[in-house]
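In case you want the letters, here they are:
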Amino acid sequence: MPTALTDLCRHPIVQAPMAGGVACPDLAAAVCEAGGLGFLAGGYKTADGMYQEIKQLRGLTDRPFGVNLFMPQPALADMAAVEVYREQLAGEATWYETPLGEIDPCGGVDDGYDAKLAILREDPVPVVSFHFGCPSRAVFDAFAEVGTVTVVTVTTAAEAQAAQWSGADAVCVQGVEAGGHQGTHRDDPQADGTGAGIGLLSLVAQVHEAVQIPVIAAGGLMRGSQIAAVLAAGADMAQLGTAFLVTPESGAHTLHKQALTNPLFTRTELTRAFSGRPARGLVNRFLREHGPYAPAAYPAVHHLTSDLRKAAAKAGDAQGMALWAGQGHRMAREMPAGRLVEVLADELVAARAGLPRGAAGAAS
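My aim in this report is to walk through the structure given alongside it, one point at a time. (Residues numbered from 1 in each chain as written. Predicted model: local features only at pLDDT ≥ 70, side-chain atom pairs only at ≥ 80, totals over all residues. Heavy atoms only, no water.)

1. Some remarks on unusual backbone geometry
To keep things clear, this is the line we draw: Throughout this description, buried means an accessible area under 20% of the type-specific maximum (1.4 Å probe, protein chains only), exposed means over 50%, and partly exposed covers the range between.
The omega torsion of the bond from tyrosine 298 to proline 299 falls at 5°, within 30 degrees of zero and hence cis. Not every positive phi belongs to a glycine, and tyrosine 44 is a case in point at roughly 70°. Tyrosine 44 sits in the partly exposed class, given a relative accessible area of 29%. Unusually for a residue other than glycine, aspartate 111 sits at a positive phi of about 55°.

2. Topic: the sheet that holds strand β7 (residues 180–181)
The following threshold applies: A strand pair is defined by DSSP finding two or more bridges across the two strands. The numbering of helices and of strands both runs from the N terminus, where a helix is a DSSP run of H or I of at least 4 residues and a strand a run of E of at least 2.
Strands sit in the order β7-β11-β10 across an open sheet of 3 strands; the sheet is antiparallel. Of all strands in the sheet, those bounded by a partner on one side alone are β7 and β10 (268–271). Sheet analysis places β10 next to strand β11 (residues 279–282), joined by 4 bridges and oriented antiparallel. Residue threonine 271 lies in a different strand from β11, and its bridge partner there is alanine 279.

3. Side note on the environment of serine 166
Quick reminder of the rule: By the convention used here, residues are in contact when the closest approach between their heavy atoms is within 4.5 Å.
Mapped onto the elements, serine 166 comes out in helix α7 (residues 157–166). For the pair serine 166 and glycine 281, spaced 115 residues apart in sequence, the C-alpha separation works out to 31 Å. Setting aside residues up to four positions removed in sequence, serine 166 forms contacts with Cys134, Pro135, Ser136, Arg137 and Phe140.

4. Re α7
Regarding α7, the residues found buried are Ala157, Glu159, Ala160, Ala163 and Ser166. For α7, the elements touching its buried residues are α6 (137–145), β5 (149–154), β6 (170–174) and α8 (200–210). Count one or two residues on from α7 and you reach glycine 167, which has phi positive near 120°.

5. Quick word on the sheet that holds strand β3 (residues 65–70)
The condition is simple: Angles here are taken between N-to-C directions and fall from 0 to 180 degrees, while the axes themselves are lines fitted to C-alpha atoms, restricted in helices to the stretch in contact.
Taken together, the 8 strands give an open sheet; going across it, the order is β1-β9-β8-β6-β5-β4-β3-β2, and neighbouring strands pair in parallel fashion. Whereas interior strands pair on both sides, the edge strands pair on one side only; in this sheet they are β1 (13–15) and β2 (38–41). Across the sheet, the mean angle from the axis of one strand to that of its neighbour is 25°, orientation sign disregarded. As paired elements, β6 and strand β8 (residues 215–218) share 4 bridges and run parallel to each other. The residue bridging cysteine 172 from the neighbouring strand is isoleucine 216, located in β8. Against the sheet, helix α2 (residues 47–60) engages β2 and β3, with an angle of about 170° to β3. The sheet contacts of α6 involve β4 (127–131) and β5, and relative to β4 the element is tilted by about 165°.

6. Remarks on the environment of glycine 35
Turning to its location among the elements, glycine 35 is positioned in the loop between α1 (25–33) and β2. In this structure, the C-alpha to C-alpha distance between glycine 35 and aspartate 192, residues 157 residues apart in sequence, is 38 Å. Beyond its immediate chain neighbours, meaning those up to four positions away, glycine 35 contacts Cys9, Arg10, His11 and Arg63.

7. Some words on the pattern of salt bridges
Operational definition: Any Lys or Arg side-chain nitrogen located within 4 Å of an Asp or Glu carboxyl oxygen qualifies as a salt bridge.
One pass over the structure, following the stated rule, counts 13 salt bridges. The closest approach of N and O atoms between glutamate 83 and arginine 86, which form a salt bridge, is 3.3 Å. Of this pair, glutamate 83 and arginine 86 both sit in helix α3 (residues 79–88), separated by 3 residues, roughly a single helical turn. When the shortest N-O distance is used, the salt bridge between aspartate 192 and arginine 272 registers 2.7 Å. Of this pair, aspartate 192 sits in the loop between β7 and α8 while arginine 272 sits in the loop between β10 and β11, placing them 80 residues apart in sequence. Of the residues examined, aspartate 192 reaches a relative accessible area of 40% and is grouped as partly exposed. Arginine 272 gets classed as buried once you look at its relative accessible area, which sits at 6%. The network of salt bridges with common partners includes Glu83, Arg86 and Glu102.

8. Describing the pairing of β3
Formally: By the criterion used throughout, a crossover qualifies as right-handed when its path from the first strand across the helix to the second strand runs clockwise, the strands pointing away from the viewer.
Among the 6 residues in β3, 6 count as buried, and that is most of the element. Residues Phe65, Val67 and Leu69 line one face of β3 and the alternating positions Gly66, Asn68 and Phe70 line the opposite face, and both faces are buried. Inspection of the sheet shows β2 paired to β3 by 4 bridges, in the parallel sense. Opposite phenylalanine 39, over in β3, you have glycine 66 as the bridge partner. Note on the crossover from β2 through α2 to β3: the handedness is right-handed. Where β3 meets β4, 5 bridges bridge the pair, whose relative direction is parallel. Pairing of leucine 69 across the sheet is with phenylalanine 130, part of β4.

9. Regarding the nonpolar core
For clarity, the threshold we go by: We call a set of buried Ala, Val, Leu, Ile, Met, Phe, Trp, Tyr and Cys residues a nonpolar core when their side-chain atoms join them within 4.5 Å.
Grouped together as the largest cluster of nonpolar side chains are 106 residues, with contacts concentrated most on Phe130 and Phe244. Counting 14 residues, the second-largest nonpolar core is a separate cluster that includes Leu8, Phe39, Val127 and Ala218.

10. Overview of the side chain of threonine 247
Considering the arrangement of structural elements, one finds threonine 247 in the loop between α10 (242–245) and α11 (254–259). The residues touching threonine 247, leaving out its near neighbours within four places in the chain, are Leu27, Lys257, Met335, Pro336, Ala337 and Leu340.

11. Some words on the packing of aromatic side chains
Describing an aromatic ring pair means giving the distance of the ring centres and the angle of the ring planes. The line we're drawing: The pairing test for Phe, Tyr and Trp rings, Trp by its six-membered ring, is centres within 6.5 Å, and the orientation test on the planes gives stacked under 30 degrees, edge-to-face over 60, and tilted for anything in between. Placement of a positive charge over a ring is assigned whenever Lys NZ or Arg CZ falls within 6 Å of the ring centre and within 35 degrees of the normal to the ring plane.
Overall, the coordinates contain 7 aromatic pairs when judged by the stated rule. Taken together, a centroid distance of 5.2 Å and an interplanar angle of 85° make the contact between tyrosine 44 and phenylalanine 70 edge-to-face. Of this pair, tyrosine 44 sits in the loop between β2 and α2 while phenylalanine 70 sits in strand β3, and the two are 26 residues apart along the sequence. Since its relative accessible area comes to 8%, phenylalanine 70 is described here as buried. Arranged with centres 5.0 Å apart and planes meeting at 50°, the rings of phenylalanine 70 and phenylalanine 132 form a pair that is tilted. Note that phenylalanine 70 is positioned in strand β3 and phenylalanine 132 in the loop between β4 and α6, a separation of 62 residues in sequence. Taken together, the aromatic side chains of Tyr44, Phe70, Phe132 and Tyr298 make up a single cluster linked through ring pairs. The side chain of arginine 137 reaches across the aromatic face of tryptophan 165, ending 5.9 Å from its centre.

Laid out in structure tokens, this is it:
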């Protein structure tokens, strides 16, 4: 059934709000114009930087779009572990000829959250989503008053129930297959390991039975047939990130785009190596060498390694970059973002109609 969320776009396709410059206004606009729901990433930006991108996007499209925010994180408790990791990274700093970032244990943990909330309440956007936790009911009530639809990323049925109880309009259910940071509400190092996380189809079914609000499914989705599968499992929409990362409108570095289908990078892995929080990326030298020793210290480790990652990109060395990618990365297709939305929509129609593979175009 149509909802306040699904009514915002023609196709049940959401472009993930990939932080770090990937989900830029050009990408979001192209997705929106093609009938999907485009997103801007507010994470890692100043409040003014976020607002400038919103204004830019509004100049490119009059279609509904979303903005994603990172929830504030606890103050860093174990500076000693971060300092040990700093010593381990000394060789990287020498190799790339760049200093490691300085860490304030009490600073940089809120990502300008309150200032961003104030801007989005004063000048509302159609959708606001939250990552790394769930806001208070007061936040949801304030957005409801200005007509903004709210979404919370969840990784368990319990997190989804908490989001519904707090007042969220919808949940984005993130399976373990997803690229980039896992949106767990509590960062628990004891949960690290190969068995961490729940696969998307199982998780969507669990959440669908646990809550009465719309569900967006995210994690490794690259084809319209996969979108059809998660919709059949109980999702109302599907969110794709890695699929849009290789489009020309994406703000991802060229090396990152090329790495997704480069035979040199054969698999992905959840790691704390680059940020201190579990995130899925292509396995490269940096991840292999430092992942096992990275502390649970987000965003301290993110700030510690930020200049290293930039230096690696400048040097053309993908082995030192954070190459975030979902498990379906080898299925990435290089085409304009708007065209990708159309292809995915055609594939979805074909899958629902039971047409043979390759007949998607005839179904539209």
